Amino acid sequence: MHQPSILFINRVFPPDRGATGRCLADLAGRFAAAGWSVTVLACGKAEIPDDRPQYRVVRTGYSGGISASRSIDYLKSLVRLLAAAWKLPRHDVVVTMTDPPLLAVIGPLIRLRWSCGLIHWSQDVYPDLFPVIGVRFPWALGFALDQISAASLRCYDTVVVIGACMARRIMGKGVAPDRVAVVPNWADPVIRPVPRATNPMRRELGLGDRFTVAYSGNFGLAHPIGAVIDAVAILAREAPEIAVLLIGEGRGLSRVRQRIEESALPNLRLLPWQPAHRLAESLGAADLHLASMDERAEGMMVPSKVAGALAAGRPCILLGSAGGAAARQIADSGCGSILSSGDGKGLARVIMMHAADTRMHAEVCACASVAASAWSADLAAAAFLAKAHDAVRRPASSVWGKLAAGND
């Protein structure tokens, strides 16, 4: 009996840091457990230790994306990933992700070589997201990138998106609705509720019984943090007993550091990125979590901080669009609040309400745990496996026909 094979392609993969790499590791392991022959192609040095014997990890020897000329680094990563994939033996299904941006364009090229099934796993929508994060191109180049990206997506058997808002945007690019599948991201399986009274991180940080709020994760360019600092300043005056933690790293970290230095707020602490083995304790150290997203990015990305907070049994306040997938999850499950991304005063008011009303806060924490239990890596993998089997069974057709018509 033929063992189906699948190739996942993404720039980052553990032990390199990155949310997309962590999700990929969760999924690849479950594909291997389901009997698939799995290869992961990622950037990075080949000598990185790897403790995953159940599937193969191939690295290009170049990590990329770390210098000031980030677009050049991403382009190098894209070329190296395509060149490395070209040398691999045929796989039945190829899955491209969205790191580096525009990675979807290499899928149809690989299909030319292998006549394989194609799935694009959209974590972010590029080039749409470029203006939101401050990347500007000449009009003609931007238009060309958009057309190439849309044409590439129409070549895929399935485009897996992480929210309904993203599905609408992808279908707006001409991808047929029956080729778009919503499979939300899940919280890191290591996250679990940690009792507040026995949480070692609360003890290490000397938080005592203080009500604590945290923003934990990536400080990205599409995650505005100004309203959070404004709210902390209000809390410093009106509720100084409330502690606020900013935990993480990212391209926006220097901006965060500058705001903290300028404000010199005594109730605010900046902590480094936390390793996986401490993630449950880190998220559980807070009573309430924050997430933010530029409203312009609705449908282009879905903040993963919300899922992590709920898995820790904590409610979340989202600063961002009320129409996005994360906002809908919070609203539908009653496990937090949604505010506009610039509403620092409103944020301070909601935080103080949670700190003052312990009964209400406990009820919302219970809602968070219920919401978190409704979705998991196992459920997501089952949905993804079904799409992968469909891609294997789908009859091969002309790539050029797909490019022209966007259908079989």
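None of these values were measured; they are calculated from a predicted model. (Residues numbered from 1 in each chain as written. Predicted model: local features only at pLDDT ≥ 70, side-chain atom pairs only at ≥ 80, totals over all residues. Heavy atoms only, no water.)

A. Structural detail: the overall build of the protein chain. Along the protein chain, the regular secondary structure elements total 15 helices and 13 strands. Its C-alpha atoms give the protein chain a radius of gyration of 22 Å, near enough to 22 Å, the size a compact globule of 408 residues would have. Each of the three principal axes of the protein chain carries a C-alpha extent, and together these read 65 × 50 × 40 Å. Nonlocal contacts in the protein chain, meaning residues at least 24 apart in sequence, comprise 71% of its contacts between residues at least 6 apart. (Helix = DSSP H or I, 4+ residues; strand = E, 2+ residues; numbered from the N terminus. Rg over C-alpha atoms; globule rule 2.2 N^0.38 Å. Contact = heavy atoms within 4.5 Å.)

B. View of the packing of aromatic side chains. Applying the stated rule across the entire model yields 10 aromatic pairs. Residues Phe-8 and Phe-31 carry aromatic rings whose centres are separated by 5.5 Å and whose planes lie at 80 degrees to one another, so their mutual orientation is edge-to-face. Of this pair, Phe-8 sits in strand E1 (residues 5–9) while Phe-31 sits in helix H1 (residues 19–33), placing them 23 residues apart in sequence. Judged by relative accessible area, which is 0%, Phe-31 ranks as buried. Seen in terms of ring centroids, Tyr-126 and Phe-130 are 4.9 Å apart; in terms of plane orientation they differ by 45 degrees. Their pairing is tilted. Phe-130 shares its class with Tyr-126; the two are buried. An aromatic cluster of at least three residues, connected via ring pairs, comprises Phe-8, Phe-31, Trp-36, Trp-121, Trp-186 and Phe-384. Cation over ring: Arg-17 sits above Trp-273, and NZ or CZ is 3.7 Å from the ring centre. (Phe/Tyr/Trp six-rings, centres within 6.5 Å; stacked < 30°, edge-to-face > 60°. Buried < 20%, exposed > 50% of the residue type's maximum accessible area, 1.4 Å probe, protein only. Lys NZ or Arg CZ within 6 Å of the ring centre and 35° of its normal.)

C. Quick peek at helix H5 (residues 164–171). Buried within H5 we find Cys-165, Met-166, Ala-167 and Ile-170. Elements in contact with the buried residues of H5: strand E5 (117–122), helix H4 (139–153), strand E6 (158–161), strand E7 (180–182) and helix H11 (325–333).

D. Broad picture of the layout of surface pockets. Of the volumes computed, that of the second largest pocket is approximately 580 Å³. Mapped by element, the contributors of at least two residues to the lining of the second largest pocket are helix H10 (305–311), H11 and helix H13 (358–373). Considering each element in turn, the lining of the second largest pocket owes the most residues, 5 residues, to H11. Here the residues of the lining of the second largest pocket are counted per class, giving 22 nonpolar, 7 polar and 3 charged. (1 Å grid on protein atoms, 1.4 Å probe; cavity = no way out; pocket = protein on both sides within 12 Å on 5 of 7 lines; lining within 4 Å. Points joined across faces, edges and corners; volume = space filled by probe spheres on them. Nonpolar A, V, L, I, M, F, W, Y, C, P; charged D, E, K, R; others polar.)

E. Inspection of the sheet that holds strand E9 (residues 243–249) at higher detail. Strand order in this open sheet of 6 strands is E10-E9-E8-E11-E12-E13, and the pairing throughout is parallel. Where the open sheet ends on each side, the last strands, each with one partner, are strand E10 (268–271) and strand E13 (336–339). Strand-to-strand twist across the sheet, computed as the mean angle between neighbouring axes with direction ignored, equals 20 degrees. As defined by bridge partners, strand E11 (residues 288–292) adjoins strand E12 (residues 316–319) across 4 bridges and the pair is classed as parallel. (Pairing = 2+ DSSP bridges. Axes fitted to C-alpha atoms, helices over the stretch in contact; angles between N-to-C directions.)

F. Quick look at the sheet that holds strand E2 (residues 37–42). Read across the sheet, 7 strands follow the order E3-E2-E1-E4-E5-E6-E7 without closing on themselves; strand pairing throughout is parallel. Because the sheet does not close on itself, it has two edges, and the strands there are strand E3 (56–59) and E7. Adjacent strand axes in the sheet meet at a mean angle of 20 degrees, parallel and antiparallel pairs treated alike. Here 5 bridges tie E1 to E2, and the two strands are oriented parallel to one another. Each bridged residue has a counterpart across the sheet, and for Ser-5 the counterpart in E2 is Ser-37. In the packing of helix H14 (residues 377–393) onto the sheet, the strands contacted are E1, strand E4 (93–96), E5, E6 and E7, and the crossing angle to E5 comes to about 150 degrees.

G. Examining the pattern of salt bridges more closely. In the structure shown here, the tally under the stated rule is 20 salt bridges. For Lys-173, the salt bridge identified is with Asp-146, shortest N-O distance 3.1 Å. Here Lys-173, found in the loop between H5 and E7, pairs with Asp-146, found in helix H4; they are 27 residues apart in sequence, far enough to count as distant. A cluster of three or more residues bridged by salt bridges with shared partners is formed by Asp-128, Asp-146, Arg-169 and Lys-173. (Salt bridge = Lys/Arg side-chain N within 4 Å of Asp/Glu carboxyl O.)

H. Focus on the pairing of E13. Side-chain alternation along E13 places Ser-337 and Leu-339 on a buried face and Gly-336 and Ile-338 on a face that remains uncovered. Bridging between E12 and E13 involves 4 bridges; their strand directions are parallel. Across the sheet, residue Cys-316 finds its bridge partner in E13, namely Gly-336. One crossover worth recording links E12 to the parallel E13 by way of H11, and it is right-handed. (Right-handed = clockwise from strand over helix to strand, strands pointing away.)

I. Seen up close, a nonpolar patch on the surface. Together, Trp-86, Leu-109 and Leu-112 line one region of the surface with nonpolar side chains, adding up to about 260 Å² of accessible area. Inspection of the secondary structure assignment puts Leu-109 in helix H3 (residues 106–114). (Patch = residues over 30% accessible without salt bridge, like charges linked within 9 Å, V, L, I, M, F, W, Y side chains within 5 Å. Areas by Shrake-Rupley, 256 points an atom, 1.4 Å probe, with all protein chains shown as cover.)

J. Structural detail: the confidence of the model for the protein chain. Per-residue pLDDT for the protein chain averages 90, and the proportion of residues at 70 or more is 92%. Note on residues 64–68: pLDDT is under 50 here. Beyond four places in sequence and across chains, it has 9 contacts. Counting interchain partners and residues more than four positions distant, the pLDDT-below-50 stretch residues 397–408 has 22 contacts. (pLDDT = per-residue confidence, 0-100.)

K. Region of interest: the packing of helix H12 (residues 344–356) against H13. Between H12 and H13, whose axes approach to 5 Å, the crossing angle comes to 100 degrees. With respect to their mutual orientation, H12 and H13 come out roughly perpendicular. Packed against H12, whose contacting residues are Met-353, His-354, Ala-355 and Ala-356, the element H13 presents Thr-358, Met-360, His-361 and Val-364 at the interface. A class-by-class count of the residues in the contact of H12 with H13 yields 5 nonpolar, 3 polar and no charged. (Parallel < 35°, antiparallel > 145°, perpendicular 65-115°, else oblique.)

L. Summary view of empty space enclosed by the protein. Tallied over the full model, the rule gives 2 cavities of 30 Å³ or more. In this model, the largest cavity occupies a volume close to 70 Å³. Around the largest cavity, the lining residues are Thr-98, Leu-102, Leu-103, Ala-104, His-120, Ser-122, Asp-124, Val-125, Tyr-126, Ser-149 and Leu-153. Those elements that place two or more of their residues in the lining of the largest cavity are E5 and H4.

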